[in-house]
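The chain contents come next:
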Amino acid sequence: MVSLGPGARARAISDRYHEEWKKLGRDGGALPGIGITRHIVVADTDAGARRIANAAYPRWRDAIEYLWRRAKADFVLKDIYPPDFDALERIGHGVAGSPATVRDYLARLHTETGVNTVLCQMVFGDMRFDDAACSIQLFGREIIPAFS
């Protein structure tokens, strides 16, 4: 199960899933993935990560909205995916920062939502290959070990 939406909604779903799992008498350690999707960019500094995210995100956002425009339908994901990355961060649906900033964000996200899985959208829009590769390497080296 994966949520795209706000943390509070993901928390409600996560809590209900845990509740129903327990009612079935199942082992809490065998709980399947309860996830949330978030845009994540990691760089050596917060400013560097924000520069990358702010440059790449609008193209991705425009491309996803295009599917609705082409169908002449209202873009139903507009509240989940605002027009710019700064707005996405403000609503908690993404983070761009140093490894420490991203670790803190993910720890808060877990506490806020109760999810046990985060699907990271780390390459999006017209992000440069070198920026994406660096972000993924930093994530693997500096962030994943903190949650293993």
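We now turn to the structure provided with this report. Bear in mind the structure is a predicted one, so any value in this text is a computation, not a measurement. (Residues numbered from 1 in each chain as written. Predicted model: local features only at pLDDT ≥ 70, side-chain atom pairs only at ≥ 80, totals over all residues. Heavy atoms only, no water.)

1. Remarks on the pattern of salt bridges
Within the structure shown, the criterion is met by 11 salt bridges. Arg 59 serves as the salt-bridge partner of Asp 126, at 4.0 Å between the closest nitrogen and oxygen. Of the two residues, Asp 126 is situated in the loop between β4 (117–121) and α5 (129–147) and Arg 59 in helix α2 (residues 46–70); the sequence distance between them amounts to 67 residues. Residue Arg 59 is classed as exposed on the basis of its relative accessible area of 56%. When the shortest N-O distance is used, the salt bridge between Asp 62 and Arg 69 registers 3.2 Å. Residue classification places Asp 62 among the partly exposed residues on the basis of a relative accessible area of 40%. Each of the salt bridges in this network shares a partner with another, and the network as a whole consists of Arg 61, Asp 62, Glu 65 and Arg 69. (Salt bridge = Lys/Arg side-chain N within 4 Å of Asp/Glu carboxyl O. Helix = DSSP H or I, 4+ residues; strand = E, 2+ residues; numbered from the N terminus. Buried < 20%, exposed > 50% of the residue type's maximum accessible area, 1.4 Å probe, protein only.)

2. Observations concerning the state of the cysteines
On inspection of all chains with the given rule, the structure shows 0 disulfides. Cys 134 supplies the cysteine sulfur nearest to Cys 120, a cysteine that is in no disulfide, at a spacing of 16 Å. Looking at Cys 134, the relative accessible area reads 33%, which means it is partly exposed. (Disulfide = S-S within 2.5 Å.)

3. Observations concerning the pairing of strand β3 (residues 94–97)
Of the two faces of β3, the one carrying Gly 94 and Ala 96 and the one carrying Val 95 and Gly 97 are both buried. Note that strand β2 (residues 35–42) and β3 share 4 bridges and pair parallel. Across the sheet, residue Val 42 finds its bridge partner in β3, namely Gly 97. (Pairing = 2+ DSSP bridges.)

4. Side note on the nonpolar core
Membership of the largest hydrophobic core comes to 19 residues, with the highest contact counts inside it found for Val 41, Tyr 57, Tyr 81, Phe 85, Phe 124 and Met 127. For this core, the secondary structure elements donating two or more residues are α2 and α3 (85–90). Looking at which element gives the most residues to this core, the answer is α2, with 7 residues. Look past the residues within four positions of Tyr 57 in its chain and what remains in contact with it is His 39, Tyr 81, Pro 82, Pro 83, Asp 84, Phe 85, Leu 88 and Phe 124. Judged by nonpolar contacts, the second largest core, of 17 residues, contains Ala 10, Trp 21, Tyr 105 and Ile 143. (Core = buried A, V, L, I, M, F, W, Y, C linked by side-chain atoms within 4.5 Å. Contact = heavy atoms within 4.5 Å.)

5. Brief notes about the layout of surface pockets
Of the pockets and cavities examined, the largest pocket occupies roughly 240 Å³. Taken together, Leu 106, Leu 109, His 110, Val 115, Asn 116, Thr 117, Val 118, Cys 120, Phe 139, Ile 143, Ile 144 and Phe 147 make up the lining of the largest pocket. Secondary-structure elements contributing two or more residues to the lining of the largest pocket are α4 (99–113), β4 and α5. The dominant element in the lining of the largest pocket, judged by the number of residues it contributes, is α5, at 4 residues. (1 Å grid on protein atoms, 1.4 Å probe; cavity = no way out; pocket = protein on both sides within 12 Å on 5 of 7 lines; lining within 4 Å. Points joined across faces, edges and corners; volume = space filled by probe spheres on them.)

Any functional reading would require information that these geometric values do not contain.
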